[in-house]
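# Descriptive structure summary
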Amino acid sequence: MPDGKHWRVSAGVGIIWRSWDSESVVYESFSGDIHSFDMVTGAVLKLLVQHTQDETTLVNSISRTLEIEPDHSLSLFVKQSLVRLSGLGLVECDK
Amino acid sequence: MNDFSTQLGGRGLYIQTGPFCVHLQSSIATVADGITQLYSEYPSFKEKDFADFHIHLDTVAGIRRLIRPQVQFSFDGYIPFKPLPLDQAFPMFEWGLNWCVANNIHEYLIIHAAVIEKNGVAAILPAPPGSGKSTLCAALVNRGWRLFSDELAMFCLRTRMLVPLPRPVNLKNNSINLIKNYAPEAIFGREVSDTNKGTVAHMKAPTESILRAAEAALPSWIIMPRYQEGAKPVLESRPKAQTCMDLAQNSFNYSLLAEDGFLAISELIDKCDCYDFTYSQLDDAIKIFDDLELPQ
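Presented here is an overview of the structure given in this document. Worth saying up front: this structure is predicted, and the values here are computed from it rather than measured.

### Comments concerning empty space enclosed by the protein
Residue and element names in this part refer to chain B. Enumeration according to the criterion identifies 1 cavity of 30 Å³ or more in this entry. The computed volume of the largest cavity comes to approximately 90 Å³. Taken together, E94, W95, N98, S149, D150, E151, L165, R167, P168, N170 and H202 form the lining of the largest cavity. Top contributing element to the lining of the largest cavity by residue count: helix α3 (residues 89-104), with 3 residues. For the lining of the largest cavity, the residue count by class is 3 nonpolar, 4 polar and 4 charged. In this structure, the lining of the largest cavity is formed jointly by two domains, domain 1 (5-104) and domain 2 (108-290), each of which donates at least three residues.

Have a look at this one:
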């Protein structure tokens, strides 16, 4: 179940974005690292660059953006994406 | 043919290769032989006001001279590598010059890749050692493609074009005889055995490639070649995102260029069609390359 925490792009992170087909590559200017993301993870990051969102809102936004059902598997994908993005230091949530 | 040994052993020889002027000094006979065989068609000068790289190749002094003679490479007075056996002096010049360019020239994005050109458009062939990149490159430039480089793809950050650095093609082991048979007219330097890459020999860049070294080209294809014994030729599209990651990994100065490096790599990916290419027969490969279509 979504826990109501709000997610945002981590402080100090600057992102340059390129998308090809369904995949995205992101350059992070603070570390100089680049990352390749699948469609959902890319969409999660893109939405969080625009504004802070909680997990439920994120799932609904992605459902609209990618035109897929906001079902349990999408929630799971979004959760996994947030774990990955958080592990890379690109996003953070409320304590 | 010029004999450069007197100049090389004295005040040195200035050789123009692509956009760079190299000032080389060496009294080692095999270096002079290699330069004479493989660089006689490049613009060269006895004196010049400026050189991008000042390179010395000297024998290591002391008792080593008598027992196991070695060669030492120095660049602007700095010694970046351990000495090698004296027999490897000319290959060391080539490898050392690659190092100089890759580590010191940052107005280009530099990628470990071969580059060839035809009709003003170029294919970039990034690949790890053992993939057959240099062999394929040598075959292509003996069948109508122009040599830009067999090791260093240079994408100019200012003009956004690929810039040639047409130097000898470094072939290893079985590839040497393969290309000697495939292109009997090609000129080769001396074979040197027991290097850390096995036996190596350098093939002279084709004359036209040397003469047109100032002509840049637009990047159009990124092709990852892979030699596989007995394989039929297969050219398959590869994902652009993955190719972007692979180019960054194969670039010598991407990290140093930071955002500019990422933008340059992204632009290459935007402009190029990206492929994996598996092959075993050079003639098959030539046909596939000759039939490449321009990106939409």
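### A closer look at helix α1 (residues 39-50) of chain A
Residue and element names in this part refer to chain A. With 12 residues, α1 should cover 16 Å at 1.5 Å per step; its first-to-last C-alpha distance of 17 Å lies within 8% of that length. Buried within α1 are the following residues: V40, T41, G42, A43, V44, L45, L47 and L48. Here α1 starts with a cap whose side-chain oxygen sits 3.1 Å from the backbone nitrogen of V40, and that cap is D38.

### A closer look at the packing of α1 of chain A against helix α2 (residues 55-66) of chain A
Residues and elements named next belong to chain A. Where α1 meets α2, the closest approach of the two axes is 10 Å, and the angle between their N-to-C directions is 115°. As α1 packs across α2, the resulting crossing turns out to be right-handed. Facing M39, V40, A43, V44, L47 and L48 of α1, the residues of α2 in contact are L58, S61, I62, T65 and L66. Along the lines of polarity and charge, the residues of the contact of α1 with α2 split into 9 nonpolar, 2 polar and no charged.

### Re the interface of chain A and chain B
Taken together, the contact between chain A and chain B spans 12 residues of the former and 15 residues of the latter. Surface buried jointly by chain A and chain B totals about 1,200 Å² across both partners, of which 72% is contributed by carbon and sulfur atoms. When the area that chain A buries against chain B is broken down by residue, the three leading residues are W20, Y27 and I34 of chain A, summing to 49%. Counting every contact that joins chain A to chain B gives 1 salt bridge. Taken together, the connections running from chain A to chain B amount to 3 residue pairs in polar contact (both at pLDDT 80 or more).

### Quick word on the nonpolar core
Within the largest apolar cluster, 71 residues are counted, with the highest numbers of intra-cluster contacts made by I35, F53, F93, V101 and F289 of chain B. In terms of residues, this core owes the most to one element, α3 of chain B, which gives 8 residues. Composition of this core by domain shows at least three residues from each of domain 1 (5-104) and domain 2 (108-290) of chain B. For F289 of chain B, the contacting residues outside a window of four places in its chain are I116, A123, L125, L136, L140, W145, I223 and F277 of chain B. The next biggest cluster of nonpolar side chains, apart from the first, holds 30 residues, and it includes V25 and I34 of chain A together with L162 and C274 of chain B.

### A closer look at the packing of aromatic side chains
All names here are of chain B. For the coordinates displayed, the defined rule picks out 16 aromatic pairs over all chains. Relative to F81, the ring of F73 has its centre 5.5 Å away and its plane inclined at 55°; by these criteria the two rings are tilted. Each residue in the set F20, F53, F73, F75, Y78, F81, W99 and Y108 is aromatic and connected to the rest through ring pairs, giving one cluster. Between R143 and the ring centre of Y182, over which it is positioned, the NZ or CZ distance is 3.9 Å. Its end group placed over the ring of F188, K180 keeps NZ or CZ at 5.2 Å from the ring centre.

Analysis parameters
- Residues numbered from 1 in each chain as written.
- Chains lettered and ligands numbered in written order.
- Predicted model: local features only at pLDDT ≥ 70, side-chain atom pairs only at ≥ 80, totals over all residues.
- Heavy atoms only, no water.
- 1 Å grid on protein atoms, 1.4 Å probe; cavity = no way out; pocket = protein on both sides within 12 Å on 5 of 7 lines; lining within 4 Å.
- Points joined across faces, edges and corners; volume = space filled by probe spheres on them.
- Helix = DSSP H or I, 4+ residues; strand = E, 2+ residues; numbered from the N terminus.
- Nonpolar A, V, L, I, M, F, W, Y, C, P; charged D, E, K, R; others polar.
- Domains from an automatic or database assignment.
- Expected span 1.5 Å × (residues − 1).
- Buried < 20%, exposed > 50% of the residue type's maximum accessible area, 1.4 Å probe, protein only.
- Polar contact = N/O pair within 3.5 Å; in protein donor to acceptor, adjacent residues only side chain to side chain.
- Axes fitted to C-alpha atoms, helices over the stretch in contact; angles between N-to-C directions.
- Left-handed = near helix turned anticlockwise from the far one by under 90°.
- Contact = heavy atoms within 4.5 Å.
- Buried area = accessible area lost by both parts, 1.4 Å probe.
- Salt bridge = Lys/Arg side-chain N within 4 Å of Asp/Glu carboxyl O.
- Core = buried A, V, L, I, M, F, W, Y, C linked by side-chain atoms within 4.5 Å.
- Phe/Tyr/Trp six-rings, centres within 6.5 Å; stacked < 30°, edge-to-face > 60°.
- Lys NZ or Arg CZ within 6 Å of the ring centre and 35° of its normal.

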